[in-house]
Amino acid sequence: MTKHKILLTRRWPEAVEKRLSADYDATLNTDDVPMTVAAIGAALNDYDAVCPTVSDKLPAAIFTGNHRARILGNFGVGFNHIDIAAAQGAGLTVTNTPGVLTDCTADTALTLMLMLARRAGEGERELRAGNWTGWRPTHMMGTRLRGKTLGIIGMGRIGIATAKRAHAAFGMKVVYFNLVDVPEDLVAGMEARRLDTIEDVLKASDVVSLHVPGGGENTHLISAERLALIGPNGMLINSARGDVIDQKALIDALKTGKLGGAGLDVFEGEPDVPAELIALENTVLLPHLGSATTETREDMGHMVADNLDAFFSGKPVPNPVS
Ligand code: DGY
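Residues numbered from 1 in each chain as written. Predicted model: local features only at pLDDT ≥ 70, side-chain atom pairs only at ≥ 80, totals over all residues. Heavy atoms only, no water.

Engineer: I'd like to hear about the pairing of strand 1 (residues 5-8), residue by residue, with values.
Structural biologist: Strand residues, when the strand is regular, have side chains that alternate between the two faces of the sheet. Note that strand 1 and strand 2 (residues 25-27) share three bridges and pair parallel. Bridge pairing in strand 2 places Leu7 opposite Thr27. Since strand 1 and strand 2 lie parallel, the crossover through helix 1 (residues 14-23) that links them has a hand, and here it is right-handed. With three bridges joining them, strand 1 and strand 3 (residues 49-51) adopt parallel strand pairing. Counted as the bridge partner of Leu7 is Val50 from strand 3. (Pairing = 2+ DSSP bridges. Helix = DSSP H or I, 4+ residues; strand = E, 2+ residues; numbered from the N terminus. Right-handed = clockwise from strand over helix to strand, strands pointing away.)

Engineer: Requested: an account of the side chain of Glu17, with residues and values cited.
Structural biologist: Position of Glu17 among the secondary structure elements: in helix 1. You can call Glu17 buried: its relative accessible area is 3%. Setting aside residues up to four positions removed in sequence, Glu17 forms contacts with Leu8, Arg10, Arg11, Trp12 and Leu28. (Buried < 20%, exposed > 50% of the residue type's maximum accessible area, 1.4 Å probe, protein only. Contact = heavy atoms within 4.5 Å.)

Engineer: Could you give me a rundown of the packing of aromatic side chains, with the residues and numbers involved?
Structural biologist: To describe a pair of aromatic rings, one takes the distance between the centres and the angle between the planes. Enumeration over the complete set of coordinates arrives at three aromatic pairs. Between the aromatic rings of Trp12 and Phe75, the centroid separation amounts to 4.8 Å while the plane-to-plane angle is 55°, which identifies the pairing as tilted. In this pair, Trp12 is assigned in the loop between strand 1 and helix 1 and Phe75 in the loop between strand 4 (71-73) and helix 3 (84-89), connecting sequence segments 63 residues apart. You'll find Trp12 and Phe75 in the same group, each marked buried. Seen in terms of ring centroids, Phe311 and Phe312 are 5.2 Å apart; in terms of plane orientation they differ by 85°. Their pairing is edge-to-face. Overall, the relative accessible area of 17% leaves Phe311 in the buried class. Overall, Phe312 belongs to the buried group, its relative accessible area being 16%. Aromatic rings pair up to connect Tyr24, Phe311 and Phe312 into one cluster. Sitting above the plane of the Tyr47 ring, Lys5 keeps its charged end 4.7 Å from the centroid. (Phe/Tyr/Trp six-rings, centres within 6.5 Å; stacked < 30°, edge-to-face > 60°. Lys NZ or Arg CZ within 6 Å of the ring centre and 35° of its normal.)

Engineer: Give me the lowdown on the site of the ligand, citing residues and values where you can.
Structural biologist: The immediate surroundings of the ligand are formed by Val54, Gly76, Val77, Gly78, Leu101, Arg241, His288, Ser291 and Met300. Here an oxygen atom of the ligand and a side-chain polar atom of Arg241 are 2.6 Å apart. Between the ligand and Ser291, the relevant distance is 2.7 Å, taken from an oxygen atom to a side-chain nitrogen or oxygen of the residue. Relative to its free-state accessible area of 230 Å², the ligand is covered by the protein chains to the extent of 91%. In terms of residue class, the shell around the ligand is made up of four nonpolar, four polar and one charged. (Near = heavy atom within 4 Å. Polar contact = N/O pair within 3.5 Å; in protein donor to acceptor, adjacent residues only side chain to side chain. Areas by Shrake-Rupley, 256 points an atom, 1.4 Å probe, with all protein chains shown as cover. Nonpolar A, V, L, I, M, F, W, Y, C, P; charged D, E, K, R; others polar.)

Engineer: I'd like a description of the sheet that holds strand 10 (residues 235-238), backed by residues and values.
Structural biologist: Within the open sheet, the seven strands sit side by side as 8-7-6-9-10-11-12. Their pairing is parallel. Looking at which strands have only one partner, the edges of the open sheet turn out to be strand 8 (193-194) and strand 12 (283-285). Strand direction decides the pairing type here: strand 6 (residues 149-153) and strand 9 (residues 207-210), joined by four bridges, are parallel. From the neighbouring strand, Gly151 faces strand 9, where its bridge partner is Val208. Strands in contact with helix 6 (residues 157-170) are strand 6, strand 7 (173-177) and strand 9; relative to strand 6, the strand with the most contacts, it is inclined by about 175°. The strands that helix 9 (residues 247-255) touches are strand 10, strand 11 (261-264) and strand 12; relative to strand 11, the one it contacts most, it runs at about 140°. (Axes fitted to C-alpha atoms, helices over the stretch in contact; angles between N-to-C directions.)

The analysis is restricted to geometry; functional conclusions fall outside its scope.
In structure tokens form, the structure reads like this:
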């Protein structure tokens, strides 16, 4: 039987590339050079499945006309880089990879929190630059997390996992904003309080962690006004999507001391990161490492493969984007 033709737009973990190459007529991106919008658009005519990821752009314009491709197997849980309505309107099934990256992304939120509160980035830069003059009682004092209040915006899988870790490890009190009710059993054991508005959470928190999808109504959800509510001693953590924060307003708030600090794994317009942000000592900046462990990236890839397998054998896909 002829194998279905599939395209992976970037390099994937070796184990998954092997599996897909055995089961499909798979084109791999062995040089890992990002594909242009036009090249991905053209691929829709040449392949039965296109498997894009977070760093690609799939705007509405590429989904006009008749395509050979019938499924987009997205490597990643977030899909704000794909115009879903246009893709589905063109008859494509879209799948993603929820669940398998929850723990690693929550770990990254905690990493940012600890690094920011304890000034770990600043300290490392000082030491590596040869500027450390030795221990002293007032050297680089940070903030203790124990007993502080963590505000979660978006109490989904990753928000809950972050809150659980912060409560268990540091005894942080948890407040959160979520559009819909969160089942009691999912937030049990951390005395989490749901507040009515985002503003209520920002005002009540020492540390705010963002866990909402990017794009659409969440673009610039955290505006200049909302940043000011977190306050001069407050810390903002973002391991969700860069566009959830108004990045210009963030830089201004950090520069003028309206916001205490920011720990960021994601950026507006990444991989470009403004020099102004890089120059600020009260930031911790990571290159979108949220899910970057071998185990998780393999799980994500196998999840895409499972979705393709189901689709091409006429079964319901396990992880449809609806
Ligand atoms: C995703 O899957 O959307 C993440 O951002 C990748 O870490």
